[in-house]
Amino acid sequence: MKKPAVIFVLLLIVFAKLQAQPAASVLTDASVLRNFTKGQSFTTIGQSIQANFHLTKTETLYASGGYHVRGNYKNTLIAMAKDVAGGTAPLSYNSTSTLGYRQLSLGWKHFFKGAYNNEESVNVYATAGFGLLTGRVENIFSIKIDTAVYAIPQQAIEGSGRFRRLTFDVSLGAETRLAAAFFLYGEVKTWLPASDYPSPYLYNNNTPQVLLLNGGVRILFD
């Protein structure tokens with residue numbers, strides 16, 4: 001098991017030990033993610049699983065993990081000749097890229113309206129937490145570039161690599177009871193960069209700039 005997954009499981013165990021009451025929920029959803037970062041815009045889908053530990057009627061600790069399928073984007077770049085006096089013309093080429101996200105998040109959920117076990121009306125909530133985002137990016141150039149003649153632009157290099165970011169995660173959601181202990185929910189969410197670890201494979205290191213639309217089911221164990 002990889003280190004982030006081990007840490008995630010251990011934190012779930014710690015949260016379970018800290019519960020003030022036995023109520024807990026498990027959530028699963030489908031997600032549509034829009035990446036707005038300049039030079040790296042795309043839309044993709046994903047899934048997440050979340051554990052909720054209900055400390056009071058309106059206050060909840062959460063731990064979640066999720067992934068998104070790699071999105072695709074393309075950029076047109078220009079490589080300049082190293083010897084400008086030699087008369088070699090600039091070289092235009094395309095770079096086709098893929099980028100996928102995986103994320104773990106820990107934080108707090110507050111019900112502004114209703115409660116975790118409310119069955120009579122719609123619940124409205126917000127979450128705030130911190131996450132660890134990992135990404136894998138791959139760039140494929142449309143032509144072979146002779147690096148002895150041309151200087152490749154610094155936006156991104158050819159090949160594949162991984163990067164990590166710490167994130168501040170916020171969401172706003174609503175849910176309604178379906179039947180028994182099942183609740184249907186939908187939420188709008190974003191991850192805001194909380195750290196900067198530059199990657200030579202990214203066209204824009206101001207990543208992530210995303211908006212997520214999530215919809216799923218919460219199962220209450222009370």
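Residues numbered from 1 in each chain as written. Predicted model: local features only at pLDDT ≥ 70, side-chain atom pairs only at ≥ 80, totals over all residues. Heavy atoms only, no water.

## Considerations on the nonpolar core
Residues L33, L99, Y101 and W191 are the most contacted members of the largest nonpolar core, which totals 22 residues. Contributing elements (two or more residues each) for this core: β3 (59-81), β4 (91-113), β5 (123-141) and β9 (210-221). Here this core takes 4 residues from β3, the largest share from any one element. Among the nonpolar cores identified, the runner-up in size contains 8 residues, and F111, Y125, Y185 and L220 belong to it. (Core = buried A, V, L, I, M, F, W, Y, C linked by side-chain atoms within 4.5 Å. Buried < 20%, exposed > 50% of the residue type's maximum accessible area, 1.4 Å probe, protein only. Helix = DSSP H or I, 4+ residues; strand = E, 2+ residues; numbered from the N terminus.)

## Describing the pairing of β3
The pairing of strand β2 (residues 42-54) with β3 spans 9 bridges and is classified as antiparallel. Residue pairing for β3: Q47 is matched across the bridge by Y67. Two successive antiparallel strands, β2 and β3, enclose a turn made up of 4 residues. Relative to β4, β3 runs antiparallel, the two sharing 19 bridges. (Pairing = 2+ DSSP bridges.)

## Here we look at the side chain of K189
As for its position among the elements, K189 is in strand β8 (residues 182-193). Nearest to the buried, unbridged K189 among oppositely charged side chains is E187, at 4.8 Å. Setting aside residues up to four positions removed in sequence, K189 forms contacts with S64, D169, V170, S171, V210, L211, L212 and N214. (Lys, Arg positive; Asp, Glu negative; His and termini not counted. Salt bridge = Lys/Arg side-chain N within 4 Å of Asp/Glu carboxyl O. Contact = heavy atoms within 4.5 Å.)

## A word on the packing of aromatic side chains
A complete count under the given rule lists 7 aromatic pairs for this structure. Aromatic side chains F42 and Y73 sit 6.1 Å apart centroid to centroid with 10° between the ring planes, which places their arrangement in the stacked category. With a gap of 31 residues between them, F42 in strand β2 and Y73 in strand β3 connect regions that are remote in the sequence. For Y73, a relative accessible area of 6% corresponds to the buried category. What links up through ring pairs into an aromatic cluster is the set F42, Y73, Y101, W191 and Y203. When the ring centre of F36 is taken as origin, the NZ or CZ atom of R34, which lies over that ring, is 5.8 Å away. Geometry around Y125 places K109 over its ring, the cationic atom sitting 4.5 Å from the centre. (Phe/Tyr/Trp six-rings, centres within 6.5 Å; stacked < 30°, edge-to-face > 60°. Lys NZ or Arg CZ within 6 Å of the ring centre and 35° of its normal.)

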